[in-house]
Amino acid sequence: KLQMGKNVMSYAPAWTLEGWTRLSAFPAQGWGAIMGVDSTEVCNSMPQSQRWYVGVGPDGLDNTTLGGASQAASAAHQVWKLGMWQHFALQYHGAGMGSLYVDGVLARSFTKGTGNWSASCPLLLGDSRDVSSHPMGAELAVLRLSKKVRYGESFAPSTTLNPDSETVWQFDFDDVAN
């Protein structure tokens, strides 16, 4: 698990957090997070309604949350695959609504989320529950936070994410060896 530090997240009224990931193992039980903001030793007093993460369960079942226990989400599906680069986009539309797209297809929708996201809690990359006995493996190539909802219908994800005027920040991880 890598903590990107406090105040990395800067939330606009609507936002998109997207990236490319390649999973090497699904958790055998429990769930693993590709990335997100969840309760940690730094932020264990964060309300459930402010928790969110892009999550994976056994056999590639989606376990993403947008608003913790306060959310209502559409049914989870097996959208995650092993050994393939996959694009994901978690979006908060405002007014308690959100969505998750995987490989350009709407995977889940969320309601009753909150607009009160905590910017002081760290962004976690690779947080896995039951990690000692049921680890999940994932690589990230890029993450981009935008201050708008970028997707509203099915789309063909671009293999590169380029910063533009709507980009808050972007992290490229594909050249870490150099």
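Not measured: the values here are computed from a predicted model.

1. What about the overall build of the chain?
Link 1 in the chain: Within the chain, the regular secondary structure consists of zero helices and 12 strands.
Link 2 in the chain: Counting from the amino terminus, the chain carries its helices and strands in the arrangement β-β-β-β-β-β-β-β-β-β-β-β.
Link 3 in the chain: Counting over 178 residues, the chain shows a buried share of 49%.
Link 4 in the chain: On the chain, roughly 8,200 Å² of surface is accessible, and the fraction owed to carbon and sulfur atoms is 50%.

2. Topic: unusual backbone geometry
Link 1 in the chain: The phi torsion at D59 lies on the positive side, around 60°, for a residue other than glycine.
Link 2 in the chain: With respect to the helices and strands, the residue D59 is situated in the loop between β4 (52–56) and β5 (65–66).
Link 3 in the chain: Although it is not a glycine, D103 sits at a positive phi angle of roughly 55°.
Link 4 in the chain: Note on placement: D103 falls in the loop between β8 (97–102) and β9 (105–111).

3. Remarks on the nonpolar core
Link 1 in the chain: Of all hydrophobic cores here, the largest spans 33 residues; its most connected members are W15, I34, M35, W52 and W80.
Link 2 in the chain: Excluding residues that lie within four positions of it along the chain, M35 makes contacts with L17, W52, Y53, V54, F88, L123, L124, L125, G126 and L143.

4. Re the pattern of salt bridges
Link 1 in the chain: A full pass over the atoms with the stated rule returns five salt bridges.
Link 2 in the chain: Note that E18 is salt-bridged to R144, the shortest N-O span being 2.6 Å. With E18 in strand β2 (residues 15–25) and R144 in strand β11 (residues 137–146), this pair connects stretches of sequence that are 126 residues apart.
Link 3 in the chain: Owing to a relative accessible area of 5%, R144 belongs among the buried residues under this scheme.

5. Focus: the environment of L23
Link 1 in the chain: Note on placement: L23 falls in strand β2.
Link 2 in the chain: Once you skip the residues sitting within four places of it in the chain, L23 turns out to touch I34, V56, W80, K81, L82, G83, M84, M136, G137 and A138.

6. Some thoughts on the pairing of β4
As a general feature of sheets, a regular strand has side chains that alternate between the two faces.
Link 1 in the chain: Counting buried residues along β4, five of its five residues qualify, which places the element largely inside the surrounding structure.
Link 2 in the chain: Pairing analysis gives five bridges linking strand β3 (residues 32–37) to β4, with the strands arranged antiparallel. By the bridge assignment, A33 is partnered in β4 with G55.

7. Structural notes on the sheet that holds β8
Link 1 in the chain: What the seven strands build is an open sheet, ordered β6-β9-β8-β7-β2-β11-β12; its pairing is antiparallel. Every other strand in the sheet has two partners, leaving β6 (72–73) and β12 (167–172) as the edge strands with one partner each.

8. Regarding the packing of aromatic side chains
Link 1 in the chain: If you walk through the whole model with that rule in mind, you get 10 aromatic pairs.
Link 2 in the chain: Aromatic pair Y11 and W15: ring centres 5.5 Å apart, planes at 55°, arrangement tilted.
Link 3 in the chain: When the centroid spacing of 3.8 Å and the interplanar angle of 5° are considered together, the rings of Y151 and F155 count as stacked.
Link 4 in the chain: In this structure F155 comes out as buried when scored by relative accessible area, which is 19%.

9. Comments concerning the side chain of T16
Link 1 in the chain: Within the secondary structure, T16 is located in strand β2.
Link 2 in the chain: Judged by its relative accessible area of 0%, T16 falls in the buried class.
Link 3 in the chain: Only 2.8 Å separates the side chain of T16 from the backbone oxygen of K148, close enough to count as a polar contact.

Rules used in this analysis
- Residues numbered from 1 in each chain as written.
- Predicted model: local features only at pLDDT ≥ 70, side-chain atom pairs only at ≥ 80, totals over all residues.
- Heavy atoms only, no water.
- Helix = DSSP H or I, 4+ residues; strand = E, 2+ residues; numbered from the N terminus.
- Buried < 20%, exposed > 50% of the residue type's maximum accessible area, 1.4 Å probe, protein only.
- Areas by Shrake-Rupley, 256 points an atom, 1.4 Å probe, with all protein chains shown as cover.
- Core = buried A, V, L, I, M, F, W, Y, C linked by side-chain atoms within 4.5 Å.
- Contact = heavy atoms within 4.5 Å.
- Salt bridge = Lys/Arg side-chain N within 4 Å of Asp/Glu carboxyl O.
- Pairing = 2+ DSSP bridges.
- Phe/Tyr/Trp six-rings, centres within 6.5 Å; stacked < 30°, edge-to-face > 60°.
- Polar contact = N/O pair within 3.5 Å; in protein donor to acceptor, adjacent residues only side chain to side chain.

Such coordinate-based values are descriptive only and should not be taken to indicate function.
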